[in-house]
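Spelled out from the first residue to the last, the chains are:
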Amino acid sequence: MSVTDTISRKAEFPGLAGEWHYLDTAATAQKPQVVIDAVTRALGEDYATVHRGVYARSAEMTLAYEAARRRVAGFIGGKPEELVFTRGATEAINLVAASWGAANLKPSDRILLSVLEHHSNIVPWQLLAERTGAVIDVCPLTDDGRIDLDAAEAMLTPAHKLVALAHVSNVLGSELDARRAADLAHAVGAKLLLDGCQAVPRTRIDVAALDCDFYAFSAHKLYGPTGIGALWAQGEILAAMPPFQGGGAMIDRVTFEKTTYTSAPQRFEAGTPAITEAIGFGAAVDYVEKIGLDALERHERALVRQLREGLRGMNDVTLYGPEDSLGIVSFALDGIHPHDLGTILDEENVAIRAGHHCAQPLMDHLGISATARASFGIYSDESDIAALLAGIERTRRIFR
Ligand SMILES: Cc1ncc(COP(=O)(O)O)c(C=O)c1O
């Protein structure tokens with residue numbers, strides 16, 4: 001199937017200059033020139049601090065920072081006052097655990113995770129469980145690598161206070177039926193946190209339609225800068241959450257006797273924020289919006305189908321995850337370690353990821369230590385798939 005008539009945008013990405021086949025967008029996306037320009041301007045002629053300047057440049061920067069918040073919140077169907085800028089998805093999940101979790105969980109309360117979670121959506125809950133005496137349950141997967149919501153339904157009890165699941169798996173590309181997960185969580189009085197790291201760059205998100213309570217994601221996987229991400233939380237829940245970190249910008253009045261805090265979302269943004277990164281985040285959202293999530297999703301789905309077909313044609317390849325995985329294909333070659341494959345592919349200017357992908361419990365479940373993973377973005381095209389398949393053939397010849 002031909003997908004070249006959809007989107008090929010390599011020229012907009014300086015990081016893709018030359019013959020380089022970048023198939024590691026699930027780890028981090030390359031940056032379009034418009035995002036680089038927006039960050040450069042913010043670091044250059046527009047640069048000043050936010051939220052405290054009495055001079056015009058600072059007031060303008062504050063407007064730009066808050067405009068970025070509005071754009072990022074709107075991108076996922078949320079309101080700006082419900083969106084906290086964080087260092088990334090990892091910090092967003094840790095914020096929920098440290099603030100909402102510590103305030104709401106008591107011994108014997110339960111948290112439901114799944115086998116396929118990224119370590120970022122496991123370890124914060126383990127730290128919280130150690131502190132509060134809460135207990136973690138792990139939802140199994142279906143045979144094709146989706147979170148098994150029938151099993152979740154059977155496992156959930158009124159003791160569950162939180163369900164925290166990946167919206168799209170970073171290893172298998174499988175997509176959660178997030179609306180059903182929300183209904184199941186709410187039926188027992190639990191909150192639903194979605195780890196949206198891999199979903200936000202690949203499919204249209206509407207937090208209101210999903211009816212989730214928390215949504216976490218990172219800018220750098222959405223063609224934006226590193227060092228910034230977002231936590232969206234339902235307004236009433238966020239308003240009731242205690243501070244996460246203390247410092248400047250999150251207070252109302254400080255005395256040694258008692259400090260009072262400002263309202264959300266600033267209450268959760270202690271210190272000078274990642275100003276230029278937030279502006280780059282807003283520019284990345286604008287860039288993706290212009291292309292359109294629907295076109296992007298169609299593009300990545302077509303590439304996934306094409307790669308899976310190519311890999312299936314090789315009789316010594318194991319393919320993981322469902323047929324309709326979103327932008328991500330994990331696989332293994334019989335008798336060749338994924339690291340060896342990745343190293344030889346690098347000689348062919350093909351960049352894939354090889355390893356456990358920060359999902360060691362999923363690797364244990366699959367009975368392997370690593371997979372090879374190819375993941376697509378806005379700029380991926382058939383030439384990348386052809387280079388990957390040719391590189392796999394060469395690796396085979398070297399090893400056999
Ligand atoms: C599903 C998932 N969750 C969480 C993370 C952590 O994101 P970050 O490292 O940007 O905080 C990643 C990154 O690989 C991911 O793929």
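Quick note: structure is the one above.
How each quantity is defined
- Residues numbered from 1 in each chain as written.
- Predicted model: local features only at pLDDT ≥ 70, side-chain atom pairs only at ≥ 80, totals over all residues.
- Heavy atoms only, no water.
- Phe/Tyr/Trp six-rings, centres within 6.5 Å; stacked < 30°, edge-to-face > 60°.
- Helix = DSSP H or I, 4+ residues; strand = E, 2+ residues; numbered from the N terminus.
- Buried < 20%, exposed > 50% of the residue type's maximum accessible area, 1.4 Å probe, protein only.
- Near = heavy atom within 4 Å.
- Polar contact = N/O pair within 3.5 Å; in protein donor to acceptor, adjacent residues only side chain to side chain.
- Areas by Shrake-Rupley, 256 points an atom, 1.4 Å probe, with all protein chains shown as cover.
- Nonpolar A, V, L, I, M, F, W, Y, C, P; charged D, E, K, R; others polar.
- Disulfide = S-S within 2.5 Å.
- Salt bridge = Lys/Arg side-chain N within 4 Å of Asp/Glu carboxyl O.
- Contact = heavy atoms within 4.5 Å.
- Expected span 1.5 Å × (residues − 1).
- Pairing = 2+ DSSP bridges.
- Axes fitted to C-alpha atoms, helices over the stretch in contact; angles between N-to-C directions.
- Left-handed = near helix turned anticlockwise from the far one by under 90°.
- Core = buried A, V, L, I, M, F, W, Y, C linked by side-chain atoms within 4.5 Å.

*Asks:* I'm lost on the packing of aromatic side chains in this one. Help?
*Replies:* Aromatic rings considered in pairs are described by the distance between their centres and by the relative angle of their planes. This model, assessed by the stated rule, comprises eleven aromatic pairs. Between the aromatic rings of Phe85 and Phe281, the centroid separation amounts to 6.1 Å while the plane-to-plane angle is 50°, which identifies the pairing as tilted. Of this pair, Phe85 sits in strand E2 (residues 83-86) while Phe281 sits in helix H9 (residues 275-291); the two residues are 196 residues apart in sequence, bridging distant segments of the chain. Overall, Phe85 belongs to the buried group, its relative accessible area being 6%. Looking at Phe281, the relative accessible area reads 0%, which means it is buried. Site record: aromatic cluster; members linked through ring pairs are Phe13, Trp20, Tyr22, Tyr223, Tyr287 and Tyr379.

*Asks:* Looking at this model, I keep getting lost on the site of the ligand. Mind explaining?
*Replies:* Looking at the ligand, the residues that line it are Ala89, Thr90, His118, Ser120, Asn170, Asp195, Cys197, Gln198, Ser218, His220 and Lys221. A distance of 2.5 Å separates a nitrogen atom of the ligand from a polar atom in the side chain of Asp195. Here an oxygen atom of the ligand sits 2.6 Å away from a polar atom, N or O, in the side chain of Lys221. Protein contact buries 85% of the 390 Å² of open area that the ligand shows by itself. For the shell around the ligand, the residue count by class is two nonpolar, seven polar and two charged.

*Asks:* Can you walk me through the state of the cysteines in this structure?
*Replies:* Under the counting rule described, the total for this entry stands at zero disulfides. Cys139 carries a free sulfur, and the closest cysteine sulfur to it, the one in Cys212, is 18 Å from it. Judged by its relative accessible area of 0%, Cys139 falls in the buried class.

*Asks:* Explain the pattern of salt bridges to me, please; I cannot follow it from the model alone.
*Replies:* Two side chains of opposite charge can pair, provided their charged atoms sit close to one another. Evaluated as defined, the whole model comprises 25 salt bridges. Its salt-bridge partner being Glu153, residue Arg180 comes within 3.0 Å of it at the nearest N-O pair. Taken together, the positions of Arg180 in helix H6 (residues 178-187) and Glu153 in helix H5 (residues 149-155) put the pair 27 residues apart, joining distant regions of the chain. With a relative accessible area of 47%, Glu153 lands in the partly exposed category. Glu300 serves as the salt-bridge partner of Arg202, at 2.9 Å between the closest nitrogen and oxygen. You can see Arg202 sitting in the loop between strand E6 (191-195) and helix H7 (207-210) and its partner Glu300 sitting in helix H10 (residues 293-312), a full 98 residues away along the chain.

*Asks:* Just to check I follow, could you spell out the side chain of Asp24 for this structure?
*Replies:* Here Asp24 shows up in the loop between strand E1 (21-22) and helix H1 (33-43). Assessed through its relative accessible area of 13%, Asp24 is described here as buried. Ignoring anything within four residues of it in the chain, the contact list for Asp24 reads Ala351, Arg353, Arg373 and Ser375.

*Asks:* Is there a simple way to think about H10 in this case?
*Replies:* Given 3.6 residues per turn, any residue in an α-helix points the same way as the ones three and four places further on. In a regular helix each residue adds 1.5 Å, so 20 residues correspond to 28 Å; H10 covers 28 Å between its end C-alpha atoms and thus fits that length. Every buried residue of H10 is accounted for by Leu293, Leu296, Glu297, His299, Glu300, Ala302, Leu303, Val304, Gln306, Leu307, Arg308 and Leu311. Buried residues belonging to H10 abut helix H2 (56-75), H9, strand E11 (317-320), strand E12 (328-333), strand E15 (371-375) and helix H13 (382-399).

*Asks:* When you look at the sheet that holds strand E7 (residues 214-218) in this model, what are you seeing that I'm missing?
*Replies:* Note: strands within a sheet are paired through backbone hydrogen bonds, in either parallel or antiparallel orientation. With mixed pairing, the seven strands of this open sheet are ordered in space as E2-E8-E7-E6-E5-E3-E4. Sheet topology places E2 and strand E4 (135-139) at the edges, where each strand pairs with a single neighbour. Averaged over neighbouring strand pairs, the angle between their axes works out to 20° when direction is ignored. Two strands pair when backbone bridges link them, and E7 and strand E8 (residues 229-233) are joined in this way by five bridges, in the antiparallel orientation. Opposite Phe214, over in E8, you have Ala233 as the bridge partner. Taken strand by strand, H6 contacts strand E5 (160-166) and E6, and its axis lies near 150° from that of E6.

*Asks:* Please clarify how the packing of helix H11 (residues 338-347) against H13 should be interpreted in this entry.
*Replies:* When two helices pack together, you describe them by how their axes are tilted relative to each other and by the distance separating the axes. Where H11 contacts H13, the axes come no closer than 9 Å and their chain directions differ by 115°. The element H11 and its partner H13 pack so that their crossing is right-handed. Contacts between H11 and H13 involve Asp340, Leu341, Ile344, Leu345 and Glu347 from the first element and Leu388, Gly391, Ile392, Arg394, Thr395, Ile398 and Phe399 from the second. Tallied by class, residues from the contact of H11 with H13 come to seven nonpolar, two polar and three charged.

*Asks:* Would you mind showing me how to read the environment of Asp324 here?
*Replies:* Relative to the helices and strands, Asp324 resides in the loop between E11 and E12. Contact partners of Asp324, with chain neighbours within four places excluded, come to Arg146 and Arg301.

*Asks:* What should I look at first to understand the nonpolar core in this one?
*Replies:* One recurring pattern in soluble globular proteins is that nonpolar side chains are buried together. Grouped together as the largest cluster of nonpolar side chains are 73 residues, with contacts concentrated most on Ile76, Phe85, Tyr215, Phe281 and Val288. Sort the elements by how many residues they give to this core and H9 lands first, with eight residues. Contacts of Phe281, omitting those with residues within four sequence positions, involve Val72, Phe85, Phe217, Ala219, Leu222, Pro225, Ile228, Gly229 and Ala230. Judged by nonpolar contacts, the second largest core, of 25 residues, contains Ala97, Ile237, Met241 and Phe268.

*Asks:* What am I meant to see in the sheet that holds E12 here?
*Replies:* Strand order in this open sheet of four strands is E11-E12-E15-E14, and the pairing throughout is antiparallel. Of all strands in the sheet, those with a lone pairing partner are E11 and strand E14 (353-355), marking the two edges. Each strand axis lies, on average, 30° off the axis of its neighbour in the sheet, ignoring direction. With four bridges joining them, E11 and E12 adopt antiparallel strand pairing.

*Asks:* I tried to follow unusual backbone geometry on my own but got confused; where do I start?
*Replies:* If a residue is not glycine, its phi is most likely negative; likewise, a peptide bond is most likely trans. Look at the link from Ala264 to Pro265: it is a cis peptide, with omega at 0°. As for its placement among the helices and strands, Pro265 is situated in the loop between strand E10 (259-261) and H9. Despite not being glycine, Asn349 has its phi angle at roughly 65°, a positive value. Inspection of the secondary structure puts Asn349 in the loop between H11 and strand E13 (350-351). Using a relative accessible area of 35% as the deciding quantity, one classes Asn349 as partly exposed. The backbone of His357 shows a phi angle near 55°, a positive value even though the residue is not glycine. Tracing the backbone through its elements, the reader meets His357 in the loop between E14 and helix H12 (360-366).

Note that every value here comes from positions in space, so none of it alone points to a role or purpose.
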